[in-house]
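Architecture and fold: a report
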Amino acid sequence: MIVNNEKDCILDIRNLHVWYRTYGGFAEVLDGVNLMVKKGEKVGLVGEAGCGKTTTMRSVLRILPENAVVPKGEILFHGQDILKMKSQEINKVRTQGISMIFQEPSAALNPVFTIGTQMFDVIRYSGSGKAKSKDEIKELAVKAIREVYIPDPERILKSYPGQLSGGMKQRVCIAMAIVTDRELLIADEPGTSLDVTIQDQVHRLLRGLVEKKGMSLIMITHSLGVAREMTDRIYVMYAGSIVETAETKVLFKDPMHPYTLGLLESVPRLTGGGMAEGIYGRIPNYLSPPQGCRFHPRCRLAAERCFEEKPPLMDVGEGHYVACFWVQGVI
Amino acid sequence: MNSITAAAEETILRVQNLKTYFPVGKSGGTPLFVKAVDGVNLTVKKGEIMGLVGESGSGKSTLAYTVMGIYSPTEGSIIFKGQDISVPSSRRSLSVKKDLQIVFQDPGSSLNPRQSVRQILELPLRVHRIVDRKNIEEKVVELLRMVELPPHYMYKSPVSMGGGERQMISIARALATNPQFVILDEPTSALDVSIQAKIINMLLKLQEKKELTYLFITHDLSLMRNIATRVTIMYLGKICETAPTEEFFRSPLHPYTRMLLSSIPVVSEEEEELKPKKVVSTGEIPSPVNVPPGCSFHLRCPERREVCMEVDPWMVEAEPGHFVRCHLYS
């Protein structure tokens, strides 16, 4: 458990559990997520497909699908539990506190409205709720589009999403997310659907804007490389819980959890040297997840204790937390 | 291009001036085309892993599909084992089809969800008469063993399997006919890195054991560094650069290659040092309907000159075996 005694902590997720109701019973996807974001901090949430990264972030904005239930946990935004907020309060968080960029820009933008219409709506309903004049709204929109380095903002505002390229659309989504001041930006794999050269541009843009505006960032990604370039601190997630977290530099210098190690080994290196073996097995079935440490069926070091007991996230020094009995030396 | 033909004795596939255009309507009476593949020359030697790298819309998949006979070429020729196969798939001989196989990117859509794994693997065995009818089951089990899956998987449906396992089935299907040449069209790009590592290792093992030749299509240069013998870069339907892997990563020549390399997110300092410095990715890939005149990369090129806007560069051999299509070197 990460002890929170930081005053400048914006978001603090504590022991979050999220289950999905399905025909086969409850899919116990999140199994105690702990995550903390400080003011101005860029945090990476890294894990493979299906580990619950997006579920975690969706619960922060309370935009989970209808079959989701939250049996346990707290999400504190400036000390207030988002999960207990009334709809008026959560709307205030959504319009003034946190904004989100989604993975697929073409799905995030409505194809039958112009960029202008969609952007003006965002501006109209966000911020302090003060009434703004049409000119003010347009001025803000043009300014935001300039900030994401799109030339000719007037033309963009008149275009439909289908008339823009993928990279352009993602820039528009970023513009919408930063058009009014927010404290925290959640970016859900913003570059994944883009080509590598375009992805690089979008990531640089995002990092620059977040730093300029002093926002905090949560970057969801499956790529350790992206997390390394974008963030100050990384949370590694496996099957619904955080298995390791450390400052980005520390994590890459001294990774400890067997899953983090396996993941790092699996990444093909630009320096060559052949391919590693990968990690045996696959992500568990959430309808009947393994007892104890959820990684134990795939772990090379699994011992008896790992089969029965879930290891807690414990400090191993320098703000480096690992959830593994082996690393903690208590096997 | 002479030195390419010099190596012809061991060449298994030779693509010459291949063009695949798709009509997309008319503008003022003149028909418009997407020039997906526009004058590609490529040779693949027996036993090598040729990495074909490009971003989306570069034409790498179209090139593969044209070689497979899924599209007919607009112009140019495809020579496979000395035999001209630039004819529609229906006019290719069965033996060519047996020797030339493909693994598609998304096993979710390339495997029929209504068939069992057994049915999927049986079809190539029957069509190409690989084994007697009574030995088919045995052979299916052997194919599953080859991709390290247990025999009972033959009763499963692809829907009930994970992405990695499905891709193993696709690989088993492609190798069922004992081909000599396999095109791998981004076989791991839909998978997680830990699964990717497993599949790549298996592909490498099989390549060695069965003396296969791979044309490996991908957008992942780091992956190519680890497995390819030669790397070819495509941009907007044309090849920009091709070189043996070591040489390619030691001294990338084309400005586009350098931009690609500098854009890759990496996980260690050593890799960071390998990336070309001071190349910042700018601009976007133009639409293939409206390819810019001159060099198609000139709009994004940091080293653009006057000549690049007017004259399309040609392929030159900058170093032995290292070809680049850029005015900086001609």
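Note that this is a predicted model, so its numbers are computed, not measured.

Considerations on the interface of chain A and chain B
Contacts between the two partners involve 39 residues from chain A, matched on the other side by 46 residues from chain B. Buried area between chain A and chain B, summed over both chains or domains, comes out near 3,400 Å², and the portion from carbon and sulfur atoms is 53%. Between A:R282 and B:E165 there is a salt bridge, and its shortest N-O distance comes to 3.4 Å. Connecting chain A to chain B are 21 residue pairs in polar contact (both at pLDDT 80 or more). Contributing elements (two or more residues each) for the side of chain A that touches chain B: α7 (166-178), α8 (196-213), α9 (224-230) and α11 (258-266) of chain A. Broken down by element, the residue count for the side of chain A that touches chain B peaks at seven residues, all from α8(A). Classifying every residue of the side of chain A that touches chain B gives 16 nonpolar, 13 polar and 10 charged.

Notes on the packing of aromatic side chains
In total, this model carries 13 aromatic pairs over all chains according to the counting rule given. Consider the rings of A:Y238 and A:F295, whose centres lie 5.0 Å apart with planes at 80°: the pair is edge-to-face. Note that A:Y238 is positioned in strand β9 (residues 233-238) and A:F295 in the loop between α11 and α12 (304-308), a separation of 57 residues in sequence. Across the pair, exposure class does not vary: A:Y238 and A:F295 are buried alike. Aromatic side chains B:Y65 and B:Y71 sit 5.9 Å apart centroid to centroid with 55° between the ring planes, which places their arrangement in the tilted category. Feature note: the residues B:F22, B:Y65, B:Y71 and B:F104 constitute an aromatic cluster, connected by ring pairs. Sitting over the ring of A:F252, A:R228 keeps its end group 6.0 Å from the ring centre.

Some points on the side chain of A:S223
All names here are of chain A. Its place among the elements puts S223 in the loop between β8 (216-221) and α9. A distance of 3.3 Å separates a polar side-chain atom of S223 from the backbone nitrogen of G225. Of the polar contacts made by the side chain of S223, one reaches the backbone nitrogen of V226; its length is 3.1 Å.

Cut-off values and rules
Residues numbered from 1 in each chain as written. Chains lettered and ligands numbered in written order. Predicted model: local features only at pLDDT ≥ 70, side-chain atom pairs only at ≥ 80, totals over all residues. Heavy atoms only, no water. Contact = heavy atoms within 4.5 Å. Buried area = accessible area lost by both parts, 1.4 Å probe. Salt bridge = Lys/Arg side-chain N within 4 Å of Asp/Glu carboxyl O. Polar contact = N/O pair within 3.5 Å; in protein donor to acceptor, adjacent residues only side chain to side chain. Helix = DSSP H or I, 4+ residues; strand = E, 2+ residues; numbered from the N terminus. Nonpolar A, V, L, I, M, F, W, Y, C, P; charged D, E, K, R; others polar. Phe/Tyr/Trp six-rings, centres within 6.5 Å; stacked < 30°, edge-to-face > 60°. Buried < 20%, exposed > 50% of the residue type's maximum accessible area, 1.4 Å probe, protein only. Lys NZ or Arg CZ within 6 Å of the ring centre and 35° of its normal.

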